[in-house]
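Summary of structural features
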Amino acid sequence: MSEQATVKEYSNGELTIVWQPSKCIHSTLCFRGLPAVFNPQQRPWVKMDAATTEQLIAQVSSCPSGALSYKLAEQPMPVTPSAAEVVKIKLAPNGPLLVQGKIEIQDKDGTITTHTKMTALCRCGASANKPYCDGSHQKIGFTD
């Protein structure tokens, strides 16, 4: 992953959706859940005025990779779970290991990265961004 990963923000004044394409595993949940808002065939691909703030928050919260997050206008940082929240781990059928909650990952160089929402970890071994899922499981036909 490059040092300066792309981050795009879309706002309706009350809510800002933050998209980090390098984290996206292309689960399609965003545009299947709110197709009037999320349309990858159009630019901009996020239309903030096509749903209520509550609907947007609910949809963004279902993003399995954490590529989508949000921040409210009165909050300087994206909304994250509380420290007391239980970490949840789920196997996505034929896909990544989904970890929800605050976790720290230490890389081979000893650098620690903290994740506070949803993190998709590679199970197939084909990711070019290990330990994170990059959607390669779809390309290689991974099943499990």
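Parameters at a glance
- Residues numbered from 1 in each chain as written.
- Predicted model: local features only at pLDDT ≥ 70, side-chain atom pairs only at ≥ 80, totals over all residues.
- Heavy atoms only, no water.
- Helix = DSSP H or I, 4+ residues; strand = E, 2+ residues; numbered from the N terminus.
- Buried < 20%, exposed > 50% of the residue type's maximum accessible area, 1.4 Å probe, protein only.
- Phe/Tyr/Trp six-rings, centres within 6.5 Å; stacked < 30°, edge-to-face > 60°.
- Salt bridge = Lys/Arg side-chain N within 4 Å of Asp/Glu carboxyl O.
- Pairing = 2+ DSSP bridges.
- Axes fitted to C-alpha atoms, helices over the stretch in contact; angles between N-to-C directions.

Below, the discussion takes up the overall build of the protein chain. Within the protein chain, the regular secondary structure consists of 3 helices and 8 strands. Counted from the first residue to the last, the protein chain has its helices and strands arranged as β-β-α-α-β-β-β-β-β-β-α. Reported as C-alpha extents along the three principal axes, the dimensions of the protein chain are approximately 40 × 35 × 30 Å. Within the protein chain, the fraction of its 144 residues that count as buried is 35%.

What follows covers the packing of aromatic side chains. Scanning all chains against the criterion turns up 2 aromatic pairs. With a centroid separation of 5.5 Å and an interplanar angle of 50°, the aromatic rings of Phe38 and Trp45 are classed as tilted. For Phe38, a relative accessible area of 1% translates into the label buried. Since its relative accessible area comes to 8%, Trp45 is described here as buried.

This part is about the pattern of salt bridges. Considering all chains together, one arrives at 2 salt bridges under this definition. Measuring nitrogen to oxygen at the nearest pair gives 3.0 Å for the salt bridge that ties Glu9 to Lys71. Of the two residues, Glu9 is situated in strand E1 (residues 8-11) and Lys71 in strand E3 (residues 68-72); the sequence distance between them amounts to 62 residues. Note that Arg123 and Asp144 form a salt bridge whose closest N and O atoms lie 2.9 Å from each other. One end of the pair, Arg123, is in the loop between strand E8 (118-121) and helix H3 (136-140); the other, Asp144, is in the segment after H3, with 21 residues separating them in the sequence. Judged by its relative accessible area of 63%, Asp144 is exposed.

Looking now at the sheet that holds strand E4 (residues 88-91). Reading across the sheet, the 3 strands line up as E4-E5-E8 and stay open at both edges, with antiparallel pairing between neighbours. Each end of this open sheet is capped by a strand with a single partner; those strands are E4 and E8. The average undirected angle you get between the axes of adjacent strands in this sheet is 20°.

What follows is about unusual backbone geometry. A cis amide bond, omega -10°, links Arg43 with the succeeding residue Pro44. Structurally, the position occupied by Pro44 is in the loop between helix H1 (29-33) and helix H2 (53-61). Of note, the bond from Lys130 into Pro131 is cis; its omega dihedral lies within 30 degrees of zero at 10°. Within the fold, Pro131 resides in the loop between E8 and H3. Backbone geometry at His26 places phi at a positive 55°, although glycine is not the residue there. Secondary-structure assignment places His26 in the loop between strand E2 (15-19) and H1. Phi at Asn94 is positive, roughly 55°, even though this residue is not glycine.

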